[in-house]
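# Fold and contact review
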Amino acid sequence: MIVTGSTLDDTDRAIALCRQHPHALRATAGVHPHHATSLQEHDSERLSEQLSDPMVVAAGESGLDYFRNFSQPAEQRRAFELQLGLAERQQKPLFLHHRGAQVDFFAMLRAHPRVASRAVLHCFTEGQAMLEDCLALGLSIGVTGWICDERRGQALRDVAPHIPADRLMLETDAPYLLPRTLRPKPAHRRNEQHSCRRSS
Ligand SMILES: [Zn+2]
């Protein structure tokens, strides 16, 4: 399981958790676009050290989110550019977040083709045109339980057959995105399950 870092402090906690369960967990090291403002130039050394930790298998979660704009777009671009540069220098795969920032997002990725070719766009929810742009850049496509959402998931269900099998990654996004078709629905509403049933 991959424990996602979304701030520098989060990343430290993710790495510590991985050390407690090294047989099961690995981490990403990065700053989510929501928290872009918290990543400053002088933090790049700390992030760089986190990226080189043996428990860290990818850079991110990083990218652009103009849908929520919890950080200003210019701040998001600055933080994303910094992380693209670090991922490139350390040759780490990149775990990407995108919402509502298509033009800037692709322009920035195109400027870093080596990073783009080993990146995954997590929780892909868009349609065919966006999928084609992603595949042309070499991105892998992360699909979550969003696909089970009968209200919002139709576009994704339509394009899913066009995702090449070797570029498709399944993810839970736990504890978020509880699949709406899950039965019985857990009372806590968190996307986690404590027991597994084996199907034959
Ligand atoms: Zn995300």
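Let me sum up the structure you'll find in this document. (Residues numbered from 1 in each chain as written. Predicted model: local features only at pLDDT ≥ 70, side-chain atom pairs only at ≥ 80, totals over all residues. Heavy atoms only, no water.)

For the rest of this paragraph, the subject is the packing of aromatic side chains. In this structure the tally under the stated criterion is 2 aromatic pairs. Measuring from ring centre to ring centre gives 5.9 Å for phenylalanine 80 and phenylalanine 105, while their planes differ by 5°; the resulting arrangement is stacked. Of this pair, phenylalanine 80 sits in helix α3 (residues 73-90) while phenylalanine 105 sits in helix α4 (residues 102-110), and the two are 25 residues apart along the sequence. Ring pairing ties together the aromatic residues Phe80, Phe105 and Phe106, which thus form one cluster. Here the basic side chain of arginine 99 rests over the ring of phenylalanine 67, its NZ or CZ set 3.7 Å away from the ring centre. (Phe/Tyr/Trp six-rings, centres within 6.5 Å; stacked < 30°, edge-to-face > 60°. Helix = DSSP H or I, 4+ residues; strand = E, 2+ residues; numbered from the N terminus. Lys NZ or Arg CZ within 6 Å of the ring centre and 35° of its normal.)

Remark: α3 packs on α4, axes separated minimally by 11 Å, with the N-to-C direction vectors making an angle of 25°. What the angle tells us is that α3 and α4 run roughly parallel. The handedness of the crossing between α3 and α4 is right-handed. In this structure, α3 uses Arg77, Phe80, Glu81 and Leu84 to contact α4, whose residues at the interface are Asp104, Phe105, Met108 and Leu109. Here the contact of α3 with α4 is composed, by residue class, of 5 nonpolar, no polar and 3 charged. (Axes fitted to C-alpha atoms, helices over the stretch in contact; angles between N-to-C directions. Parallel < 35°, antiparallel > 145°, perpendicular 65-115°, else oblique. Left-handed = near helix turned anticlockwise from the far one by under 90°. Contact = heavy atoms within 4.5 Å. Nonpolar A, V, L, I, M, F, W, Y, C, P; charged D, E, K, R; others polar.)

A separate point is the coordination of the zinc ion. Donor atoms from the polypeptide that bind the zinc ion are Glu61 (OE), His97 (ND1) and His122 (NE2), placed at 1.9 to 2.1 Å. Of note, the zinc ion draws all its donor residues from one chain, in the sequence arrangement E-x35-H-x24-H. Of the two residues, histidine 97 sits in strand β4 (residues 94-99) while histidine 122 sits in the loop between β5 (119-121) and α6 (128-137), which places them 25 residues apart along the sequence. Of the two residues, histidine 97 and histidine 122, both sit in the buried class. (Donors = N, O, S within 2.8 Å, 3.2 Å for Na, K, Ca; no water. Buried < 20%, exposed > 50% of the residue type's maximum accessible area, 1.4 Å probe, protein only.)

Side chains Ser140 and Gly142 project from strand β6 (residues 140-143) onto one buried face, and the interleaved Ile141 and Val143 project onto a second face that is buried too. Since β5 and β6 lie parallel, the crossover through α6 that links them has a hand, and here it is right-handed. The pairing of β6 with strand β7 (residues 168-170) spans 3 bridges and is classified as parallel. Bridging from a neighbouring strand, glycine 142 pairs with methionine 169 of β7. Handedness of the β6-helix α7 (residues 154-159)-β7 crossover: right-handed. (Right-handed = clockwise from strand over helix to strand, strands pointing away. Pairing = 2+ DSSP bridges.)

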